[in-house]
Amino acid sequence: MRALTVRPEAAHSLEVRDVPEPVPGRGELMVDGLAVGVCGTDKEITAGEYGWAPAGRDRLILGHESLGRVRQAPSGSGFQDGDLVVGVVRRPDPEPCGACAHGEFDMCRNGRYTERGIKERDGYASRFWTVESDYAVRLDPRLEEVGVLMEPTTVVAKAWEQVERVGGRAWFEPRRVLVTGAGPIGLLAALLGVQRGLDVHVLDRVTTGPKPALVAGLGATYHSEDIDQVTSAVRPDVVIEATGAGSVVFGAMAGTATYGVMCLTGVSPKGRTLSVDAGSVNRDLVLENDAVVGSVNANLRHYHQAADALAKADLTWLERMITRRVPLEDATEAFSAHDDDIKVIITLG
């Protein structure tokens, strides 16, 4: 079968090649791959900056944002042939830490987890793939064209859960949320904010292209001004940060309302310096009872939350988020940025 592969830590090694078809093990689903999404992590792996091949191999099948259709489901698995499914990315370490042992493998303490398409396990960018039934999640069949957005939605489902858990340490009835960044994570974070009935504001630096219209399509407010101007006007109770840009991170941190909760989902590059009035940041956090929390990855609970959120969303709006669909044989084109890209996916059929 054909699959998109890479040699981790070797730049320019991305290649579509023939690989053996997988054989489902006990309790595993056999799945026809439909699509995978391309994100920043995939680009880091293809640039040779990240990633690990499975033991004894030098190449990794890429793709952690999956979508497929069950070809064969074992008896008693809870799945049926034809079900639309995604595969979970992370697996707990074989000798689980306390968090992994309690199903919170997104919060692994020792780092010995594995991840499909990233760390020591083949991903989903292949014509067929297998997945343990315990790590597959069924999607509403109406989501066939957009279900590949499931994995990034799990990231923001977890982020919102973290915000609400932190806010729950005292009375918490947020009204205004600021999402920084209108890429896939930011737009999906805004979607979940709207679904919560909040007044949603989205900040991004572009003023043309599809992003402003997508934000407007949610009934949210789009901003392109300086972060300080936006926070002064909005005074958000919640910030979901999805840029990783240092100036935006610290500007948003300083601009929340009292008892503000900020969740960081964007990963900042190393080696960039920024002058910050650390005393003011510390003073505001303490005197206003603010909180800042980082969030990455997701566990099974967040996958089910994401599936529910996508099922409730406007399918036309979700379809507009996917700005390019690239066939598997031309998959390398998906890693070249186009001006109006939001979400680029690779079709596998």
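The coordinates are above.
Per chain, residues are indexed from 1 in the order of the written sequence. In keeping with the model being predicted, local features are shown solely for residues with a pLDDT of at least 70 and side-chain atom pairs are shown and tallied solely at 80 or more, while totals for entire chains, interfaces and linings include all residues. For side-chain calculations, the full set of non-hydrogen atoms in the structure is used, while hydrogens and water are omitted.

**Let's talk about the overall build of the protein chain**
Okay, so step 1: Each helix is a run of DSSP H or I of at least 4 residues and each strand a run of E of at least 2, with the numbering of both proceeding from the N terminus. Helices and strands together make up the secondary structure of the protein chain, namely 10 helices and 19 strands.
Okay, so step 2: In terms of overall dimensions, the protein chain is globule-like: its C-alpha atoms have a radius of gyration of 20 Å, near the 20 Å expected for 349 residues.
Okay, so step 3: Projected onto its principal axes, the C-alpha positions of the protein chain cover 60 × 45 × 40 Å.
Okay, so step 4: Think of it in three bands: with a 1.4 Å probe and only protein chains considered, a residue is buried below 20% of the maximum accessible area for its type, exposed above 50%, and partly exposed in between. Within the protein chain, the fraction of its 349 residues that count as buried is 52%.
Okay, so step 5: Any two residues whose heavy atoms approach within 4.5 Å at even a single point are treated as in contact. A sequence separation of at least 24 residues applies to 69% of the contacts in the protein chain between residues at least 6 apart.
Okay, so step 6: Per-residue and other accessible areas follow the Shrake-Rupley method at a 1.4 Å probe size, with only the shown protein chains counted as cover for residues. Summed over all atoms, the accessible surface of the protein chain reaches about 15,700 Å², with 48% contributed by carbon and sulfur. Each radius of gyration is computed over the set of C-alpha atoms, and the globule rule expresses the reference value as 2.2 Å times the number of residues to the power 0.38.

**Structural notes on empty space enclosed by the protein**
Okay, so step 1: Residues are called lining when one of their atoms sits within 4 Å of a cavity or pocket point, these points coming from a 1 Å grid over the protein atoms alone, where a cavity is a set in which a 1.4 Å probe fits but cannot get out and a pocket is an open set with protein on both sides within 12 Å along at least five of seven lines. Grid points are joined across faces, edges and corners, and a volume is the space filled by probe spheres set on the points. Under the counting rule described, the total for this entry stands at 1 cavity of 30 Å³ or more.
Okay, so step 2: Roughly 40 Å³ of internal volume is contained in the largest cavity.
Okay, so step 3: Every residue along the wall of the largest cavity is listed here: Leu4, Val36, Gly37, Val38, Asp42, Leu62, Gly63, Ala125, Phe335 and Ile346.
Okay, so step 4: If you tally residues by element for the lining of the largest cavity, the top one is strand E3 (residues 28-38), at 3 residues.
Okay, so step 5: Here the nonpolar group is Ala, Val, Leu, Ile, Met, Phe, Trp, Tyr, Cys and Pro; Asp, Glu, Lys and Arg are the charged ones; every other residue, Gly included, is treated as polar. Grouping the constituent residues of the lining of the largest cavity by class yields 7 nonpolar, 2 polar and 1 charged.

**Examining the environment of Arg138**
Okay, so step 1: Turning to its location among the elements, Arg138 is positioned in strand E11 (residues 136-138).
Okay, so step 2: When the C-alpha positions of Arg138 and Gly68 are compared, they lie 9.8 Å apart, and in sequence the two are 70 residues distant.
Okay, so step 3: Apart from residues no more than four positions distant in its own chain, Arg138 is found in contact with Gly78, Phe79, Asp83, Leu84, Val85 and Ala307.
Okay, so step 4: Contacts described as polar in this section are N or O atom pairs within 3.5 Å, which, within protein, must combine one atom able to donate a hydrogen with one able to accept it, while residues neighboring in sequence count only if both atoms come from side chains. At 2.3 Å, the side chain of Arg138 forms a polar contact with the backbone oxygen of Gly78.

**Overview of the layout of surface pockets**
Okay, so step 1: Approximately 380 Å³ is the volume attributed to the second largest pocket.
Okay, so step 2: Along its surface, the second largest pocket is lined by 23 residues, and Met1, Pro20, Arg57, Ile61 and Asp122 are the ones closest to its centre.
Okay, so step 3: Breaking the lining of the second largest pocket down by element, the ones donating at least two residues are strand E4 (60-61) and strand E10 (128-132).
Okay, so step 4: Ranked by residue count, the leading element in the lining of the second largest pocket is E10, at 5 residues.
Okay, so step 5: Residue composition of the lining of the second largest pocket, grouped by class: 9 nonpolar, 4 polar and 10 charged.

**Digging into a nonpolar patch on the surface**
Okay, so step 1: The patches reported here contain residues having more than 30% relative accessible area and no salt bridge. Joining distances are 9 Å for like charges and 5 Å for nonpolar side chains (Val, Leu, Ile, Met, Phe, Trp, Tyr). What counts as a salt bridge is simple: a side-chain nitrogen of Lys or Arg found within 4 Å of a carboxyl oxygen of Asp or Glu. A cluster of nonpolar side chains, contributed by Phe250, Leu274 and Val276, occupies part of the molecular surface with about 230 Å² of accessible area.
Okay, so step 2: Residue Phe250 is classed as partly exposed on the basis of its relative accessible area, which comes to 33%.

**Quick look at the packing of helix H6 (residues 227-234) against helix H7 (residues 246-254)**
Okay, so step 1: Relative to each other, H6 and H7 sit at 25°, their axes nearing to 9 Å. For the element pair H6 / H7, the angle class is roughly parallel. As for how H6 packs across H7, the hand of that crossing is right-handed. Two secondary-structure elements touch here, H6 through Ile227, Asp228 and Thr231 and H7 through Ser247, Val248, Gly251 and Ala252.
Okay, so step 2: The residue makeup of the contact of H6 with H7, split by class, is 3 nonpolar, 3 polar and 1 charged. Each axis is a line fitted through C-alpha atoms, taken for helices only over the stretch in contact, and angles between the N-to-C directions span 0 to 180 degrees. Each angle receives one of four descriptions, namely roughly parallel if under 35 degrees, roughly antiparallel if over 145, roughly perpendicular if within 65 to 115, and oblique otherwise. By convention, the crossing between two helices is left-handed when the near helix turns anticlockwise from the far helix through less than a right angle, and right-handed when the turn is clockwise.

**Re the sheet that holds strand E13 (residues 199-203)**
Okay, so step 1: With parallel pairing, the 6 strands of this open sheet are ordered in space as E14-E13-E12-E15-E16-E17. Edge positions in the sheet fall to strand E14 (221-223) and strand E17 (291-294), since each of these pairs with one other strand and no more. Across the sheet, the mean angle from the axis of one strand to that of its neighbour is 20°, orientation sign disregarded.
Okay, so step 2: In this structure, E13 lies alongside E14, joined through 3 bridges in parallel fashion. Counted as the bridge partner of His201 is Thr221 from E14. One requirement defines pairing of two strands: DSSP has to find at least two bridges between them.

**A closer look at the pairing of strand E16 (residues 261-264)**
Okay, so step 1: Bridge analysis of strand E15 (residues 238-241) against E16 gives 4 bridges, and the strand direction is parallel. Across the sheet, Val239 pairs through a bridge with Met262, a residue of E16.
Okay, so step 2: Here the term right-handed applies to a crossover when the path leading from its first strand over the helix to its second strand runs clockwise, the strands being oriented away from the viewer. As a crossover connection, the stretch from E15 through H7 into E16 is right-handed.
Okay, so step 3: In terms of strand pairing, E16 meets E17 through 4 bridges, oriented parallel. Residue pairing across strands places Val261 opposite Ala291, the latter belonging to E17.

**Details of helix H3 (residues 150-167)**
Okay, so step 1: Multiplying one less than the number of residues by 1.5 Å gives the expected span of a helix. Its 18 residues place the ends of H3 25 Å apart at the C-alpha level, agreeing with the 26 Å of an ideal helix rising 1.5 Å per residue.
Okay, so step 2: Judged by how many residues are buried, H3 sits mostly within the fold: 15 of 18 residues are covered.

**Quick look at the pattern of salt bridges**
Okay, so step 1: Per the counting criterion, the structure on display carries 21 salt bridges.
Okay, so step 2: Here Arg57 makes a salt bridge to Asp122, at a shortest N to O gap of 2.8 Å. Placement of the pair is Arg57 in the loop between helix H1 (40-46) and E4 and Asp122 in the loop between strand E9 (120-121) and E10, with a sequence separation of 65 residues.
Okay, so step 3: When its relative accessible area of 21% is taken as the criterion, Asp122 is described as partly exposed.

**Re the environment of Trp160**
Okay, so step 1: Topologically, Trp160 is positioned in helix H3.
Okay, so step 2: Taking the relative accessible area as the measure of exposure, Trp160 reaches 2% and is therefore buried.
Okay, so step 3: Expressed as a C-alpha distance, the spacing of Trp160 and Val238, which sit 78 residues apart in the sequence, is 9.5 Å.
Okay, so step 4: Apart from residues no more than four positions distant in its own chain, Trp160 is found in contact with Val177, Ala189, Leu192, Gly193, Arg196, Leu198, Val238 and Ile240.

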